[in-house]
Amino acid sequence: MSDTQPLVRLAAVNKHFGELHVLQDINLEVDRGEVIVVIGPSGSGKSTLCRAINRLETIDDGVIELDGQPLPQEGKALARLRSDVGMVFQSFNLFAHKTILENVTLGPIKVRKLKKAAANEEAMALLDRVGVANQAHKMPAQLSGGQQQRVAIARALAMKPKVILFDEPTSALDPEMVNEVLDVMVSLAKEGMTMIVVTHEMGFARKAADRVVFMADGQIVEEADPESFFTNPQSERARDFLGKILTH
């Protein structure tokens, strides 16, 4: 695959939930190593966009490609796609009955057929990287929300994905835990991980995004580098949105 083509490409993507047109003619390209932060009011289609990229949501029409290949419909190819596209959700979605270490090694052992010892070694390195290596043998319920979300990031990284999708990864956390998760995400961004992040955290968008994509009513209204977007938004919708959130 040539490095000139985008890693993720959405072209003319539409999605309806009944009468509701949640994604309207979405066109978006994400390059390797790029950090895209998707912001906008609730119900603007941000999460649906995220979930469509790893086929947790199907689309009505249009094209979504990963690394030049259209997203597969089902079966083994879809499982392969899911291992190339990491996902970190609002709720941590860890397996409650497995230890932290087992949560992180499960995918590499099952999907990537890694030997257990190798998987454990890689997982410990990742848990160390997100700052929870000392929690490896605990169960998820014994960890704080911030720790669980950092484990979820380690679990996504364990699959060596080409891109990681973050769907409001801090919105279920207590305020004092938000930064410990964002710090891990900022360091990933600096290391060149391709990331698509749906978030309400404008500080993160300013600090880590290469590009801010502003969505409203199922459409991409505006996209720009963070500095331009936050200091000089071009659309009325974006000005209105920023006026509401940045004054509080």
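Residues numbered from 1 in each chain as written. Predicted model: local features only at pLDDT ≥ 70, side-chain atom pairs only at ≥ 80, totals over all residues. Heavy atoms only, no water.

Within an unreviewed UniProt entry, the label attached to the protein chain reads ABC-type polar-amino-acid transporter, and the organism entered is Serinibacter salmoneus. Under Subcellular location (unreviewed entry), UniProt gives the following word-for-word description of the protein chain: "Cell membrane". Quoted straight from UniProt, the Catalytic activity (unreviewed entry) entry for the protein chain says "a polar amino acid(out) + ATP + H2O = a polar amino acid(in) + ADP + phosphate + H(+)". (UniProt positions renumbered as here; feature names shortened; annotations may be inferred.)

### Notes on the pairing of strand S6 (residues 85-88)
Residues Val 85 and Met 87 of S6 are buried on one face, and the alternating residues Gly 86 and Val 88, pointing to the opposite face, are buried as well. In this sheet, strand S7 (residues 163-167) lies alongside S6 in parallel orientation, the contact comprising four bridges. Its bridge partner being in S7, Val 85 is matched across the sheet by Val 163. (Buried < 20%, exposed > 50% of the residue type's maximum accessible area, 1.4 Å probe, protein only. Helix = DSSP H or I, 4+ residues; strand = E, 2+ residues; numbered from the N terminus. Pairing = 2+ DSSP bridges.)

### Examining the sheet that holds S6
Strand order in the open sheet formed by six strands is S6-S7-S8-S3-S9-S10, with mixed pairing between adjacent strands. Two strands lie at the open edges of the sheet, namely S6 and strand S10 (219-224), each paired on one side alone. Averaged over all adjacent pairs, the angle separating strand axes in this sheet is 20°, with direction ignored. With four bridges joining them, strand S3 (residues 35-39) and strand S8 (residues 195-198) adopt parallel strand pairing. Bridge pairing in S8 places Val 37 opposite Val 197. Relative to S6, helix H2 (residues 75-84) is tilted by about 65°, and along the sheet it contacts S6 and S7. Each of S6 and S7 touches helix H5 (residues 145-158); the most contacted strand, S6, lies at about 175° to it. (Axes fitted to C-alpha atoms, helices over the stretch in contact; angles between N-to-C directions. Contact = heavy atoms within 4.5 Å.)

### What about the packing of aromatic side chains?
Within the structure shown, the criterion is met by three aromatic pairs. Judged by centre distance (5.9 Å) and plane angle (35°), the rings of Phe 214 and Phe 229 are tilted. Of the two residues, Phe 214 sits in strand S9 (residues 211-216) while Phe 229 sits in helix H8 (residues 226-231), which places them 15 residues apart along the sequence. Taking relative accessible area as the criterion, Phe 214 reaches 0% and is therefore assigned buried. Here Phe 229 falls in the buried class, since its relative accessible area comes to 0%. For the ring pair Phe 229 and Phe 230, a centre distance of 5.3 Å and an interplane angle of 80° mean the geometry is edge-to-face. Judged by its relative accessible area of 7%, Phe 230 is buried. (Phe/Tyr/Trp six-rings, centres within 6.5 Å; stacked < 30°, edge-to-face > 60°.)

### Overview of the packing of helix H3 (residues 100-110) against H5
The interhelical angle for the contact between H3 and H5, taken along N-to-C directions, is 25°, at an axis separation of 8 Å. Compared by their axis directions, H3 and H5 come out roughly parallel. For the pair H3 and H5, the crossing hand works out as right-handed. Note on element contacts: H5 touches H3 through Val 151, Ala 154, Arg 155 and Ala 158, opposite Ile 100, Asn 103, Val 104 and Pro 108. (Parallel < 35°, antiparallel > 145°, perpendicular 65-115°, else oblique. Left-handed = near helix turned anticlockwise from the far one by under 90°.)

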